[in-house]
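For reference, the chains in residue letters:
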Amino acid sequence: MIGLAAVDSPYWPAMRSMTGYGRGECAREGYKATVELSSVNRKQSEIQVNLPRELEVLEAQARDVLNRAISRGKVTARIVLHHATGEAPARVSLNARLARAYARELARLARDLKLPGPVTLDLVARAPGVLQADADFPDAEDFWPAVKTALEAALAMLLRTREREGRHLERDLAGRVRAMRKAVARVQKRAPEVQERYRQQLLERIRNAGLAAPAPDDERLLKEIVYFADRSDISEELTRLQSHFQQFDDCLKSSEPVGRMLDFLAQEMNREINTIGSKASDAAISREVVALKAEVEKFREQAMNVE
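Since we're looking at a predicted model, the values are computed, not measured.

Reading the values: the criteria
- Residues numbered from 1 in each chain as written.
- Predicted model: local features only at pLDDT ≥ 70, side-chain atom pairs only at ≥ 80, totals over all residues.
- Heavy atoms only, no water.
- Patch = residues over 30% accessible without salt bridge, like charges linked within 9 Å, V, L, I, M, F, W, Y side chains within 5 Å.
- Areas by Shrake-Rupley, 256 points an atom, 1.4 Å probe, with all protein chains shown as cover.
- Salt bridge = Lys/Arg side-chain N within 4 Å of Asp/Glu carboxyl O.
- Lys, Arg positive; Asp, Glu negative; His and termini not counted.
- Charge placed at Lys NZ, Arg CZ, Asp CG, Glu CD.
- Helix = DSSP H or I, 4+ residues; strand = E, 2+ residues; numbered from the N terminus.
- Buried < 20%, exposed > 50% of the residue type's maximum accessible area, 1.4 Å probe, protein only.
- Phe/Tyr/Trp six-rings, centres within 6.5 Å; stacked < 30°, edge-to-face > 60°.
- Pairing = 2+ DSSP bridges.
- Right-handed = clockwise from strand over helix to strand, strands pointing away.
- Contact = heavy atoms within 4.5 Å.
- Axes fitted to C-alpha atoms, helices over the stretch in contact; angles between N-to-C directions.
- Parallel < 35°, antiparallel > 145°, perpendicular 65-115°, else oblique.
- Left-handed = near helix turned anticlockwise from the far one by under 90°.
- pLDDT = per-residue confidence, 0-100.

## Observations concerning a positive patch on the surface
Item 1. Residues R160, R164, R167 and R171 make up a contiguous surface patch of positive charge.
Item 2. Following the sequence through the fold, R171 ends up in helix α5 (residues 144–208).
Item 3. Take R171: its relative accessible area is 51%, and that puts it in the exposed class.

Here's what the structure looks like:
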């Protein structure tokens, strides 16, 4: 069982899934509170608390407990209160004053109408308002300790399931980043060769056209090569990708929820990879871009499951 101190602990696993289930119970003073929690993916935090009518005033307190432990995802809480015996308590009140008035008036009516037989207890008890089911329910606040204990037990179970799934997500995402790092390293190695290869291809086209090959320091040739180099330079994109990978490493060490940051990183990595693809004038780099796009899409899909 978990208390508020445990829920408010500064420790936060690097990654939690947004899906999970938890259940808790607490019996106290003749009543038993049962709480069931379930959570699914949502971009923002959304908490829905279902309470019996007589406990609706406890919704704000229940939400407060959940909000301190959940930062992302839709959490549905179902809280039920029943009598410890499994039956609702039966409470009946007697309006003795009204019963005496009924008996007196019925006896008078019997005399006036010269009707035989006495006015019986059964007859008086059946009169409207003599016996009433007690509609008064104990103060809802009296049940909060039991509801809170059951809620915290369910929350502890929910968090354990989310953390367990989060560890699987963390391993998968780390594998995606390793694969992207290797692809980026291959692109970085290949990129400096592209400019020289373009120069050789340009000279080859000139020769094939039957034109005289320009001198190595020919201004027109140098301008064309410089223009190509500027147009196809991907050094900034590669540097930013490395920065995003480092930010992912920082997420693994974070004591805060990282789901929104992972969503942002997936978006930014995809932007840089698309730019590299549009600038690439090399088949080998284009193949790496295709592989990078596939990995970042899988990364994005998995990041959507992280709290």
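## Some thoughts on the packing of aromatic side chains
Item 1. Under the counting rule described, the total for this entry stands at two aromatic pairs.
Item 2. Between Y31 and F143, the aromatic rings sit 4.8 Å apart at their centres with planes inclined by 80°, giving edge-to-face as the arrangement. Highlighted residues: Y31 in strand β2 (residues 31–40) and F143 in the loop between β6 (131–133) and α5, separated in sequence by 112 residues. Considered together, Y31 and F143 belong to a single accessibility category, that of buried residues.
Item 3. A ring pair is formed by F248 and F299, whose centres lie 5.7 Å apart and whose planes are at 65°; its orientation type is edge-to-face. Residue F248 is located in helix α7 (residues 235–252), and its partner F299 is located in helix α9 (residues 283–303); the two are separated by 51 residues in the primary sequence.

## Things to note about the pattern of salt bridges
Item 1. If you walk through the whole model with that rule in mind, you get 23 salt bridges.
Item 2. The partner of R23 in a salt bridge is E25, with the nearest N and O atoms 2.8 Å apart.
Item 3. Residue classification places E25 among the partly exposed positions, given a relative accessible area of 35%.
Item 4. Salt-bridge contacts for E272 lead to R240; the nearest nitrogen and oxygen are separated by 2.8 Å. Taken together, the residues span a long stretch of sequence, with E272 in helix α8 (residues 259–279) and R240 in helix α7 at a distance of 32 residues.

## Side note on the pairing of strand β4 (residues 73–83)
Item 1. Here β2 runs beside β4; their pairing, made up of 10 bridges, is antiparallel. Bridge pairing in β4 links L37 to A77.
Item 2. Here strand β3 (residues 45–50) pairs with β4 via six bridges, running parallel. If you follow E46 over to β4, its bridge partner there is K74.
Item 3. The β-α-β motif built from β3, the intervening helix α2 (residues 59–69) and the parallel element β4 has left-handed crossover chirality.

## Here's the deal with the side chain of E295
Item 1. With respect to the secondary-structure elements, E295 resides in helix α9.
Item 2. Look at E295 and you get buried, because its relative accessible area is 17%.
Item 3. Apart from the residues lying within four places of it in its own chain, the contact partners of E295 are R176, A179 and M180.

## Quick word on the packing of α7 against α8
Item 1. Running from amino to carboxyl end, α7 crosses α8 at an angle of 160°, the nearest separation of the two axes being 10 Å. The angle between α7 and α8 places the two elements in the roughly antiparallel class. Of the two elements, α7 crosses α8, and the hand of that crossing is left-handed. Taking contact as the criterion, the partners of E237, L238, R240, L241, H244, F245, Q247, F248 and C251 in α7 are, on α8, M261, L262, L265, E268, M269, E272, I273, T275, I276 and K279.

## Side note on unusual backbone geometry
In terms of backbone geometry, most residues other than glycine have negative phi values and most peptide bonds are trans.
Item 1. Of note, K114 is a non-glycine position whose phi angle comes to about 50°, a positive value.
Item 2. Relative to the helices and strands, K114 is located in the loop between α3 (96–112) and α4 (121–125).
Item 3. Note on K114: relative accessible area 72%, which makes it exposed.

## Observations regarding a negative patch on the surface
Item 1. Taken together, E29, D139, E141 and D142 make up a surface patch of like negative charges.
Item 2. Its place among the elements puts E141 in the loop between β6 and α5.
Item 3. Residue class for E141 comes out partly exposed when judged on its relative accessible area of 38%.

## Considering a nonpolar patch on the surface
Item 1. A contiguous nonpolar patch, built from L109, L113 and L115 and spanning about 290 Å² of accessible area, is present on the exposed surface.
Item 2. Mapped onto the elements of the fold, L115 is located in the loop between α3 and α4.

## Remarks on the environment of F248
Item 1. For F248, a relative accessible area of 3% puts it in the buried group.
Item 2. Beyond its immediate chain neighbours, meaning those up to four positions away, F248 contacts M15, L173, A174, V177, L262, L265 and F299.

## What about the sheet that holds β3?
Item 1. Read across the sheet, four strands follow the order β1-β2-β4-β3 without closing on themselves; strand pairing throughout is mixed. Two strands bound the open sheet, and with one partner strand each, they are β1 (20–28) and β3. Within this sheet the neighbouring strands show an average axis-to-axis angle of 15°, counted without direction.

## Things to note about the confidence of the model for the chain
Item 1. Averaged over every residue, the pLDDT of the chain is 83; the share at 70 or more is 78%.
Item 2. Note that pLDDT drops below 50 for residues 1–11; the model gives that stretch 17 contacts with residues more than four away or on any other chain.

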